[in-house]
Amino acid sequence: MRVGIDVSPLAQTRAGTARYLRALLRELGPPAVEVRRFGFGGGGRAATLARELAWYPVGLPRAARRAGVDVLHCTTYRGPLRGGPPVVVTVHDLAVFRHPEAFPRWTRAYGRLVVPHMIRAARRVIAVSEFTGRELVELLRVPEERIRVVPNAVEEQFRPEGPAAEGDYVLAVGTLEPRKNLARIGEAARRLGVELRVVGARGWGDVSVNGSGVRWLGELPDDELARLYRGARCVAYTSLYEGFGIPILEAMACGVPVVTSVGGATEEVAGGAAVLVDPLDPDEIARGIEEAAARRDELRRLGLEQARRRTWAAVAAATVEVYREAL
C-alpha cells in the first residue's frame, strides 16, 4: 500500500502534533506501507496562508495523484475537500470549536468555514481519544462508523532512569496559549510557596508567565525535558481543554506524579493514575499538588503502568488498519 502523509505540521510546531507525526513516520514502513511525504512552506504567516488557501485544496491532492498514492493521510484537520485518493484525517482536538475565543482570528475563521467540510469529506477519521471521538459526533456530526480511536503514546527517552533536575518545583509543559491555564497553575504554586517551571514555545493570546516564582524555560530538547520531569515535585497539566495530553504520559513514564483536569480527555489519558482537579480553581490545583506529593510512591507506580500500555509501534499498526479500511 502506498500512503501519502502530510508532513507540513513539522514546519509549524514541535508540540503534540509534531510528536505524533515524527513517531508515525518512524514506525511506518515496509512491508505494510510505502510512505510518500508531502509538505509545503514554513512556519510564517505568509506560508500558512498559502498552504491553507492553495496548497491543501489544490496542490496536495494534485501531488498525491501524481505520486500514485493509494491513501492520503492528513495528520491534522487541514487537507483537501475533494479530488485525489481516499483521505484519512487525524483529529487531535476540536478546541477551536469549543473555545474559539482562545485562538487567533484566522484560525477561528478557517475552523468554522473549512474544517467541518474537510473532516466530513474524509473516508476515515482518526480520533486520538474517545473524548475527541465524541466531540466529532456532537460538534461536527461525523458518523460514528467512520471514526476510529487510536490513542497517542510516549517516546522511549521518557523513562524513570536518568538524571533529574535539582530544586523544589512544579513543572508545567505546553505551548504558551490560553487553553493551558498557566496563570492559575502559577497562582496555585505561589500559594504553596513552590517554584513553577514552564516548558513550551511562545504561542498566542498574549499569555505571560512572568511573575514571582515562575520560570519560563522555552522549548527544550527531550533529554532536558525528561530531566526536568524526573526532578519535579509533580507535573501540573490542568488545561481548560485537550484532545489528548501527551505530557501526561511523558510525566508518568518518567515516574513523576501528575495533577490534571477532571473530565474530558485529560482524565481519560490519566486512567486513574493522576490527581484530578477543577482547572478553574487555583485552590483546587494547589490541593492537588499537595496530594500528588503525599501520594508520590503510589502515583509513580500507577503512572508507570499507565504509560507502558502506550507504544508508538501499536499506534502505527492501528493506523495501517485504518488505511486498509479507507481503501
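Shown above is the structure to which this text applies.
No experiment lies behind these values; they were computed from the predicted model shown.

How each quantity is defined
- Residues numbered from 1 in each chain as written.
- Predicted model: local features only at pLDDT ≥ 70, side-chain atom pairs only at ≥ 80, totals over all residues.
- Heavy atoms only, no water.
- Pairing = 2+ DSSP bridges.
- Helix = DSSP H or I, 4+ residues; strand = E, 2+ residues; numbered from the N terminus.
- Axes fitted to C-alpha atoms, helices over the stretch in contact; angles between N-to-C directions.
- Contact = heavy atoms within 4.5 Å.
- Core = buried A, V, L, I, M, F, W, Y, C linked by side-chain atoms within 4.5 Å.
- Buried < 20%, exposed > 50% of the residue type's maximum accessible area, 1.4 Å probe, protein only.
- Phe/Tyr/Trp six-rings, centres within 6.5 Å; stacked < 30°, edge-to-face > 60°.
- Lys NZ or Arg CZ within 6 Å of the ring centre and 35° of its normal.
- 1 Å grid on protein atoms, 1.4 Å probe; cavity = no way out; pocket = protein on both sides within 12 Å on 5 of 7 lines; lining within 4 Å.
- Points joined across faces, edges and corners; volume = space filled by probe spheres on them.
- Nonpolar A, V, L, I, M, F, W, Y, C, P; charged D, E, K, R; others polar.

Q: Account for the sheet that holds strand β11 (residues 258-261), with residues named and values stated.
A: Pairing in this open sheet of six strands is parallel, and the strands run β9-β8-β7-β10-β11-β12 from one edge to the other. The strands lining the two open edges of the sheet, one partner per strand, are β9 (214-218) and β12 (275-277). Within the sheet, the average angular offset between the axes of one strand and its neighbour, ignoring direction, is 25°. Where β11 and β12 come together, three bridges link them in parallel fashion. Bridge pairing links Val259 to Val275 in β12. Of the strands in this sheet, β7 (169-173), β8 (195-199), β9 and β10 (234-237) touch helix α8 (residues 222-231), which is tilted by about 140° from β7. Helix α9 (residues 246-253) rests against β7, β10 and β11 of the sheet, and its axis sits at about 165° to β11.

Q: Lay out the nonpolar core in plain terms, naming residues and giving numbers.
A: Counting 53 residues, the largest nonpolar core has Ile5, Leu28, Phe158, Leu171, Tyr229, Met252 and Tyr323 as its most contacted members. Mapped onto this core, the elements with two or more residues apiece are β1 (2-6), α1 (16-27), β7, α8, β10, α9, α10 (264-270) and α13 (312-326). Ranked by residue count, the leading element in this core is α13, at seven residues. In this structure, Met252 is in contact with Val258, Ala270, Ala273, Ala274, Gly303, Leu304, Gln306 and Ala307, ignoring residues within four places of it in sequence. Ranked by size, the runner-up nonpolar core spans 32 residues in total, among them Tyr110, Ala127, Phe131 and Leu136.

Q: How would you explain the packing of aromatic side chains if you had to name every residue and give the values?
A: Inspection of every chain in the model, using the stated rule, returns six aromatic pairs. On the numbers, 6.3 Å between centres and 65° between planes, the contact of Tyr20 with Trp312 is edge-to-face. Here the residue Tyr20 occupies a position in helix α1, and Trp312 occupies one in helix α13, the gap between them amounting to 292 residues. An identical accessibility class is assigned to Tyr20 and Trp312; each is buried. Three or more aromatic residues joined by ring pairs form one cluster here, namely Phe40, Trp55 and Tyr56. Across the ring face of Tyr169, the terminal group of Arg197 is positioned such that the distance to the ring centre comes to 3.8 Å.

Q: Lay out the layout of surface pockets with the relevant residues and their values.
A: In this model, the second largest pocket occupies a volume close to 290 Å³. Elements supplying a minimum of two residues to the lining of the second largest pocket: α1, α12 (296-308) and α13. For the lining of the second largest pocket, the element with the highest residue contribution is α12, accounting for three residues. Looking at the lining of the second largest pocket, its residues break down into eight nonpolar, one polar and eight charged.

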